[in-house]
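Now for the letters of each chain:
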Amino acid sequence: AKLVAATHNPGKVPEIAALLDGRFEIVTAGQLGLPEPEETESTFVGNALLKARHAADLSGLPALADDSGLSVKALDGAPGIYSARWAGPGKDFAMAMDKVAERIEATGTEDYAAWFTSALAVAWPNGPAVVVEGRVDGSLVFPGRGTRGFGYDPVFIPAGESLTFGEMEPTAKDAMSHRARAFAKLKAALFD
Ligand code: ITT
C-alpha cells in the first residue's frame, strides 16, 4: 500500500522507511510536490496531526508525519517544537547547536540533561487519524561528535551509551531513538 511520508526533511526519510520495515511503498511529500504547511500548533502531537492531515487531504493517500525536537532540561524544554526553527532558513544546525551550548552556559548549570521527542501521526484522506509520542532521554556534549544522522545528532548521547547519535550506526540509533519508540507504539496501534 502507498503511504505519503509527510516530511520535507531528508534526514527523516531513511529512518521512517527503516522503522516501517518495508510494509509500505513510501512516497515523500517532496516527490508529490506537496506544499509544506505552516506548523501553527503548540505541541509535537498537534503539529504531527496538522502535517499528516494536510498531506492526506491534498494527496488522497494515507499520510504519516513526524514532529520532533530536542528539549534541554536547563532551558525549560527549549528548543522543543522550535528545534528546526533554531537552525534558521538556511537549516544551519552547526549554528543551532552552538546556540544550545551558549544558552546552557549562560545559565551557569552543569546539568546537560536533554531528551528527544517524536510525535507520529497517520491520517487517512478525509478520515480519521492516530497519533503517538516517543521519547529518549540522554545528555548533551559540546563540541558535537560524528557525521551520521541529522539535526542535533552530534551533540546527543542517549542515557547509558557512550557514542552520540552522530557517531552511531543508523541501525543502533533506530534501536533506541525517540522515533523508534514512537514507531513501536504506532505499529501496536495500527497492526495489533
Ligand atoms: P518536516 O516538518 O518537513 O518533517 P522539519 O525538520 O521541519 O521537517 P520538525 O518540525 O519536526 O521537522 O523539526 C524537527 C527538528 O528537530 C529537526 O529539524 C531536527 O533538527 C530535530 N530532530 C528531530 N529528530 C531528530 C533526530 O532524530 N536527530 C537529530 N535531530 C532531530
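A brief look at the structure comes next. The structure presented is a predicted model; accordingly, all values stated were derived computationally and were not measured.

**Looking at the pairing of strand 2 (residues 25–28)**
Okay, so step 1: Direction of pairing for strand 1 (residues 2–5) relative to strand 2: parallel, over a ladder of four bridges. Bridge pairing in strand 2 places valine 4 opposite valine 27.
Okay, so step 2: Between the parallel elements strand 1 and strand 2, the chain passes through helix 1 (residues 12–19) in a crossover that is right-handed.

**A word on the packing of helix 1 against helix 5 (residues 178–191)**
Okay, so step 1: One way to put it is that helix 1 packs onto helix 5 with a least axis distance of 10 Å and a crossing angle of 40 degrees. Considered as vectors, helix 1 and helix 5 are oriented oblique to each other. For helix 1 against helix 5, the interelement crossing comes out right-handed. Packed against helix 1, whose contacting residues are Lys12, Glu15, Ile16 and Leu19, the element helix 5 presents Arg179, Ala180, Phe183 and Lys187 at the interface.
Okay, so step 2: Here the residues of the contact of helix 1 with helix 5 are counted per class, giving four nonpolar, no polar and four charged.

**Concerning the pairing of strand 1**
A regular strand places its side chains so that they alternate between the two faces of the sheet.
Okay, so step 1: When strand 1 meets strand 3 (residues 63–72), the two strands line up parallel, connected through two bridges. Its bridge partner lying in strand 3, valine 4 is registered against alanine 63.

**Looking at the nonpolar core**
Okay, so step 1: Counting 19 residues, the largest nonpolar core has Leu70, Val72, Leu140, Tyr152 and Phe156 as the members making the most contacts within it.
Okay, so step 2: Contributions of two or more residues to this core are made by strand 3, helix 3 (93–107), strand 4 (113–123) and strand 5 (129–140).
Okay, so step 3: Broken down by element, the residue count for this core peaks at four residues, all from helix 3.
Okay, so step 4: Those residues in contact with leucine 70, other than ones at most four positions away along the chain, are Gly77, Ala78, Pro79, Gly80, Ser83, Ala114, Trp115, Phe116, Leu140, Tyr152 and Phe156.

**A look at the pattern of salt bridges**
Okay, so step 1: What the rule picks out here adds up to 14 salt bridges.
Okay, so step 2: The residue lysine 12 makes a salt bridge to aspartate 66 at a minimum N-O spacing of 2.9 Å. Taken together, the residues span a long stretch of sequence, with lysine 12 in helix 1 and aspartate 66 in strand 3 at a distance of 54 residues. Accessibility assignment for this pair places lysine 12 and aspartate 66 in one class, buried.
Okay, so step 3: For the salt bridge of lysine 51 with aspartate 67, the shortest nitrogen-to-oxygen distance reads 2.8 Å. With lysine 51 in helix 2 (residues 44–59) and aspartate 67 in strand 3, this pair connects stretches of sequence that are 16 residues apart. Summarising the burial analysis for this pair, lysine 51 and aspartate 67 share the class buried.
Okay, so step 4: A network of salt bridges, in which partner residues are shared, links Lys12, Glu15, Asp66, Asp153, Lys173 and Arg179.

Basis of the calculations
Residues numbered from 1 in each chain as written. Predicted model: local features only at pLDDT ≥ 70, side-chain atom pairs only at ≥ 80, totals over all residues. Heavy atoms only, no water. Pairing = 2+ DSSP bridges. Helix = DSSP H or I, 4+ residues; strand = E, 2+ residues; numbered from the N terminus. Right-handed = clockwise from strand over helix to strand, strands pointing away. Axes fitted to C-alpha atoms, helices over the stretch in contact; angles between N-to-C directions. Parallel < 35°, antiparallel > 145°, perpendicular 65-115°, else oblique. Left-handed = near helix turned anticlockwise from the far one by under 90°. Contact = heavy atoms within 4.5 Å. Nonpolar A, V, L, I, M, F, W, Y, C, P; charged D, E, K, R; others polar. Core = buried A, V, L, I, M, F, W, Y, C linked by side-chain atoms within 4.5 Å. Buried < 20%, exposed > 50% of the residue type's maximum accessible area, 1.4 Å probe, protein only. Salt bridge = Lys/Arg side-chain N within 4 Å of Asp/Glu carboxyl O.

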